[in-house]
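Structural overview for review
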Amino acid sequence: METLIKAKVVGGIGSLLFLPYLFPFFSFYDMIIRTVLIIFAMKYISDATNDRSIFNNGLLAMILITLGNIYAIIIIYDVGWAFPAYMMMEIMRSGLFLSLFIVFDFFLIGAIYLVKSFDRIAELLNVNYFRIAAVLFFVGSMLTIVLIGFYIIMFAIIFMIIAFFSLPSKPAQKTSSLMPPIPI
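Presented here is a report on the structure given in the accompanying data block. Throughout, residues of each chain are indexed from 1 in the direction in which the sequence is written. Selection of residues for local features in this predicted model requires a pLDDT of at least 70, selection of side-chain atom pairs for listing and counting requires 80 or more, and totals for whole chains, interfaces and linings are taken over all residues. Where side-chain values are given, they derive from all heavy atoms of the structure, hydrogens and water being excluded.

Comments concerning the overall build of the protein chain
Rule in force here: Going along the chain from the N terminus, every DSSP run of H or I of four or more residues is numbered as a helix, and every run of E of two or more is numbered as a strand. Here's how the labels work: a residue is buried when its accessible area is under 20% of the maximum for its type, exposed when over 50%, partly exposed in between, all with a 1.4 Å probe on protein chains only. Any two residues whose heavy atoms approach within 4.5 Å at even a single point are treated as in contact. Note on areas: Shrake-Rupley, 1.4 Å probe, and residue coverage restricted to the protein chains presented here.
Along its length, the protein chain carries seven helices and zero strands. If you list the helices and strands of the protein chain from N to C, you get α-α-α-α-α-α-α. In the protein chain, buried positions account for 38% of the 184 residues. Put simply, 73% of the contacts in the protein chain that link residues at least 6 apart link residues at least 24 apart. When the accessible area of the protein chain is evaluated, it comes to approximately 10,600 Å², of which 72% is carbon and sulfur surface.

Right under this line is the structure:
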């Protein structure tokens, strides 16, 4: 199907644009472009498989993850990259901990919807890299509160790139488990 080929290209390019996420200086426009490309890829996959839940869950996931990224950018530029250890108590009082918790919530809830969407894609198209990417993103999102989760999300992004470029050209044929009627 042509829509799965579009999903492979658009989703692959959108996933590759997630690579600047691994570096501290990423652009707001890159974030919006990659989010839109991934959403379009989810729409193409949803259309090809006739499963609306893939798009709905994927859309909600990408919106929440993008909002978490925007909030994280605001925190980074507000607090700065490095701060002396003696300022930690002042930062805790100033609301950084609450801000990190909000980013954690955006990522975690977005990851739940991403798992739903990617699991359905893996089930329908038999591309298990989506399932691996979803699990890694979920675990990474759970661990963002202690900041190690961002490294796990890095591996999730790599598996997401592999997953989109591993999409088949057409959906697998569904086989019926029912036996045809026996002619009499």
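Quick notes on helix α1 (residues 2-16)
Short version of the rule: Helix span, expected: 1.5 Å multiplied by one less than the number of residues in the helix.
Here α1 contains 15 residues, and its C-alpha end-to-end distance of 21 Å stays within 8% of the 21 Å for a straight helix at 1.5 Å per residue. For α1, the full list of buried residues reads L4, A7, V10, G11, G12, G14 and S15.

Describing the pattern of salt bridges
In plain terms, the rule: Salt bridge criterion: a side-chain nitrogen from Lys or Arg within 4 Å of a carboxyl oxygen from Asp or Glu.
What the rule picks out here adds up to four salt bridges. With a closest N to O distance of 3.1 Å, K43 and D47 form a salt bridge. With a gap of four residues between them, K43 and D47 both fall in helix α2 (residues 28-49), about one helical turn apart. On the basis of relative accessible area, K43 is assigned to the partly exposed category, the value being 26%. Overall, D47 belongs to the partly exposed group, its relative accessible area being 38%. Residue D119 is joined to R131 by a salt bridge in which the shortest nitrogen-to-oxygen separation is 3.3 Å. Within this pair, whereas D119 is found in helix α5 (residues 96-125), its partner R131 is found in helix α6 (residues 129-142), the two being separated by 12 residues in sequence. Classification of R131 by relative accessible area gives partly exposed; the value is 32%. Beyond isolated ion pairs, a larger network of salt bridges with shared partners links D51, R120 and E123.

Points about the environment of L64
Here L64 is to be found in helix α3 (residues 52-79). The buried category is assigned to L64, whose relative accessible area is 15%. For the pair L64 and G110, spaced 46 residues apart in sequence, the C-alpha to C-alpha distance is 5.0 Å. Apart from residues lying up to four places away in sequence, L64 is in contact with F106, I109, G110 and Y113.

Some words on the nonpolar core
Within soluble globular proteins, side chains that are nonpolar generally end up buried alongside one another. Applicable threshold: Definition used in this section: a nonpolar core is a set of buried Ala, Val, Leu, Ile, Met, Phe, Trp, Tyr and Cys residues joined via side-chain atoms within 4.5 Å.
In terms of nonpolar packing, the biggest core is built from 39 residues, with M42, I45, F118, I121, F130, F164 and L167 touching the most fellow members. Counting residues per element, this core draws most heavily on α5, which supplies nine residues. Dropping the residues within four chain positions of it, F118 is found in contact with M42, F130, R131, A133, A134, M160 and F164.

Re the packing of aromatic side chains
For clarity, the threshold we go by: Note on ring pairs: Phe, Tyr and Trp rings are taken, using the six-membered ring of Trp, and paired if centres are within 6.5 Å. Classes follow the plane angle, with under 30 degrees stacked, over 60 edge-to-face and the rest tilted.
Scanning all chains against the criterion turns up six aromatic pairs. The interplanar angle of 70° and the centroid separation of 5.0 Å between the aromatic rings of F118 and F130 together place this pair among those described as edge-to-face. Of this pair, F118 sits in helix α5 while F130 sits in helix α6, and the two are 12 residues apart along the sequence. F130 carries the same exposure label as F118, and that label is buried. Both rings, one in F130 and one in F164, keep their centres 5.1 Å apart while their planes meet at 85°; by these two values the pair is edge-to-face. Taken together, the residues F130 in helix α6 and F164 in helix α7 (residues 149-165) connect sequence positions 34 residues apart. Residue classification places F130 among the buried residues on the basis of a relative accessible area of 0%. With relative accessibility at 0%, the residue F164 sits in the buried group.

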